[in-house]
Protein chains: 2
Amino acid sequence: MKTHAIGIDFGGTNTKLGVVSHSGRVMAESSFSTTQFSTPPAFAQKAGSEIEALLKRTGVSRNKVSGVGIGVPGLVDHARGIVHVLVNVPGWNGARAGALFERHWKLPVTLENDVNAMALGEHAYGIAKGYQNVVCTTLGTGVGGGLILGGKLYHGATLTAGEIGHIVVEPQGPLCNCGNRGCLEALVGTQGLLDRARVALRKKSGGVLHGWLKQGEVLTPHLLAKAALQGDRTALQVWNETAEYLGIVFAGIANFLNPDVIVVGGGISAAGDFFLGRIRKVIKARAMAVPAKKLKLLRSRLGNRAGVLGAASLNWKNF
Amino acid sequence: MKTHAIGIDFGGTNTKLGVVSHSGRVMAESSFSTTQFSTPPAFAQKAGSEIEALLKRTGVSRNKVSGVGIGVPGLVDHARGIVHVLVNVPGWNGARAGALFERHWKLPVTLENDVNAMALGEHAYGIAKGYQNVVCTTLGTGVGGGLILGGKLYHGATLTAGEIGHIVVEPQGPLCNCGNRGCLEALVGTQGLLDRARVALRKKSGGVLHGWLKQGEVLTPHLLAKAALQGDRTALQVWNETAEYLGIVFAGIANFLNPDVIVVGGGISAAGDFFLGRIRKVIKARAMAVPAKKLKLLRSRLGNRAGVLGAASLNWKNF
């Protein structure tokens, strides 16, 4: 019987690896700089030697390993093991990465989009365990999502389902990187969040946030969250606005897709419980009573291990 | 082998019945006034005698009939055959209709929400045949939807999935019947459409539409469509605005749910090809290239038989 799996979280800057037990325990982890091993062959070789070392370290024998799952920050064809588009690491577009990795690693390999892998991880080991219909979101520089429907990962017609960041909230809102206007990502992604904060700061004087900025601190989502926790009015207003935008989209999803759970992860979700509470209020005010009553809005439980655990869970899941 | 099925389209005003072959041919149809037989027992008895008559008329013997499917204009528990909420016909909330009907009709009975049944009908016999992921919409007084995902009807956590009419388009827009603001239904449902038309008419004088209204014609979606086809500027503007609202929502769905097809049905969809063409343009401008290129926006093919055919298809589908 296979007792363990390898999970690889392929990041634009760093790549993390882990040996994970069937029950979701991370036995050992390592990482390397993606930029230093960025071509497909270099990556395959480096990850291969890391896998070797991890297995040696944990004492897990190769024939107990079900396979290697890898979450890729781009568009992949999971069925054929092909990377279609990888925006942040050159040289991968069109790469038959699955076959290449299998040759190097001598283990079955499953590729998946990284946010989809995270959604699977939350469903297999995290806060979404046991739910049939789950929308997993990551709020950070980008705003991404993965869908578990009927207990299985849902890919959609072009394998691109889950792009919650590109649902429109304000039809005449700011231009988004995708070319559309007023997308959720353009409003609550790091850039949009900070742009709105700058506008709010210009309108209001006083408060701890203004003070910190005068002392030379740099405006970041983290600083904005810290200021809100200290009751800074400008910061609170920006977070309330952010919760309103997210709540509008989540209410629409509650009505349209009727999930059991929406999981919120990523840097911006760390703004604290007051933030999640505000989003819940907006959902309650805007969604229909029946789906809203059932819907749970929960914070990701896997944190920065979501990538490795999600990738590992690819080896156990049928989809 | 079962060769036929009965489909019942339970409407607020009229109920339609049909004997349908496995391939989707309607062998015979009838209808009765729902208002005259509105209680569950009266409905069961009346529909029972109509089924009897239809079978006699078509010569289809009862043991060739796989069952009776019924599309109900409300919230139903398809698995337990219970009507939860039926807004337009009193006396049905909580009714164990499935068991009641089976007692009366001596055939297996499947209940389903009417829009879900229509989506199944388009998937089994209509324009969405052969596609895995389909969003079916009905544009009329209300704006409803049904989802086929992975080739199966998708119900969601509270069996209420598909409420596309209650996705927000304009966060500060008009109040919707659901209590929310700026929902798609509040903007493009019959009431919202006509409200916007009246505002536009007040702003612009001249044109055929103004003329017809002065002659005593009543403003309806049909009249608005007729005026647009004759090049009336006010009417065209209202339809363009309507296409913009629908396109914004469909673009978000393309990005988030990534369906193969969106089917547009219901009275308002009859506005003509120019209208669907406008919606396609908005989707192309606002959705991401990969999902938008694959997405087909198609008009319902089953027309006013969609209800009966959808209900009949409940007898063949696994979900």
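Predicted model only: the values in this text are computed from it and were never measured.

Draft legend 1. The arrangement of the sheet that holds strand β3 (residues 26–33) of chain A in detail. Residue and element names in this part refer to chain A. One open sheet accounts for five strands, arranged β3-β2-β1-β4-β7; its pairing is mixed. The open sheet terminates on both sides in strands that have one partner only, identified here as β3 and β7 (109–113). Strand-to-strand twist across the sheet, computed as the mean angle between neighbouring axes with direction ignored, equals 20 degrees. The pairing of strand β1 (residues 4–10) with strand β2 (residues 14–21) spans seven bridges and is antiparallel. Paired with D9 across the bridge in β2 is K16. Running over the sheet, helix α2 (residues 97–105) touches β1, β4 (65–72) and β7 and is turned about 140 degrees from β7.

Draft legend 2. View of the pairing of strand β11 (residues 261–265) of chain A. Residues and elements named next belong to chain A. Along β11, five of the five residues are buried, which leaves the element largely enclosed by surrounding structure. Side chains of β11 alternate between two faces, with V261, V263 and G265 and I262 and V264 buried alike. Two strands pair when backbone bridges link them, and strand β8 (residues 134–139) and β11 are joined in this way by five bridges, in the parallel orientation. Residue pairing in the sheet places V135 in a bridge with I262 of β11. Two elements, β11 and strand β12 (residues 296–299), share four bridges in a ladder whose sense is parallel. Bridging from a neighbouring strand, V264 pairs with R299 of β12.

Draft legend 3. Quick peek at the interface of chain B and chain A. With 39 residues of chain B at the contact, the number on the chain A side is 39 residues. The junction of chain B with chain A conceals about 3300 Å² of combined surface from both sides, 61% of it contributed by carbon and sulfur atoms. Where chain B packs against chain A, one counts zero salt bridges. The interface formed by chain B and chain A contains 21 residue pairs in polar contact (both at pLDDT 80 or more). Listing elements by their share of the side of chain B that touches chain A, those giving two or more residues are β9 (143–149), α8 (233–256) and α10 (289–294) of chain B.

Draft legend 4. Here's a closer look at the pattern of salt bridges. For the coordinates displayed, the defined rule picks out 16 salt bridges over all chains. Here A:R62 makes a salt bridge to A:E52, at a shortest N to O gap of 2.9 Å. Pair noted here: A:R62 is in the loop between α1 (40–58) and β4 and A:E52 is in helix α1, with a separation of 10 residues, a long-range link. Judged by relative accessible area, which is 30%, A:R62 ranks as partly exposed. B:D273 serves as the salt-bridge partner of B:R299, at 2.6 Å between the closest nitrogen and oxygen. Remark: B:D273 occurs in helix α9 (residues 273–286) and B:R299 occurs in strand β12 (residues 296–299); sequence separation between them is 26 residues. In this structure B:D273 comes out as exposed when scored by relative accessible area, which is 59%.

Draft legend 5. Representation of α2(A) in the model. Residues and elements named next belong to chain A. Every buried residue belonging to α2 is among A97, G98, L100, F101 and W105, and all of these are buried. Buried residues of α2, viewed axially, fall in a sector of 165 degrees; they line one side. For α2, the elements touching its buried residues are β1, α1, β4, β6 (82–85) and β7. Residue K106 follows α2 closely and has a positive phi angle near 55 degrees.

Draft legend 6. Main features of the environment of B:L257. On the secondary structure map, B:L257 appears in the loop between α8 and β11 (261–265). Here the alpha-carbon distance between B:L257 and B:V134, two residues 123 residues apart in the chain, equals 9.6 Å. Apart from the residues within four sequence positions on either side, B:L257 is in contact with A:L147, A:L149, A:Y154, A:G156, A:A161, A:F256, A:L257, B:V135, B:L147, B:L149 and B:G252.

Draft legend 7. How the structure looks around the confidence of the model for chain A. Averaged over every residue, the pLDDT of chain A is 95; the share at 70 or more is 99%. Two summary scores accompany this predicted model of the complex, namely pTM at 0.94 and ipTM at 0.94.

Draft legend 8. A look at the relation of the copies chain B and chain A. Rotating chain B by 180 degrees and moving it 0.0 Å along the rotation axis overlays it on chain A with an RMSD of 0.0 Å. With respect to symmetry, the two chain copies, as superposed, fit the operation of a two-fold axis. Here 100% of the contact residues of chain B are again contact residues in chain A; the copies associate through an equivalent surface.

Reading the values: rules and limits
Residues numbered from 1 in each chain as written. Chains lettered and ligands numbered in written order. Predicted model: local features only at pLDDT ≥ 70, side-chain atom pairs only at ≥ 80, totals over all residues. Heavy atoms only, no water. Pairing = 2+ DSSP bridges. Helix = DSSP H or I, 4+ residues; strand = E, 2+ residues; numbered from the N terminus. Axes fitted to C-alpha atoms, helices over the stretch in contact; angles between N-to-C directions. Contact = heavy atoms within 4.5 Å. Buried < 20%, exposed > 50% of the residue type's maximum accessible area, 1.4 Å probe, protein only. Buried area = accessible area lost by both parts, 1.4 Å probe. Salt bridge = Lys/Arg side-chain N within 4 Å of Asp/Glu carboxyl O. Polar contact = N/O pair within 3.5 Å; in protein donor to acceptor, adjacent residues only side chain to side chain. Arc of directions from axis to C-beta. pLDDT = per-residue confidence, 0-100. Least-squares fit on C-alpha atoms with pLDDT ≥ 70 in both.

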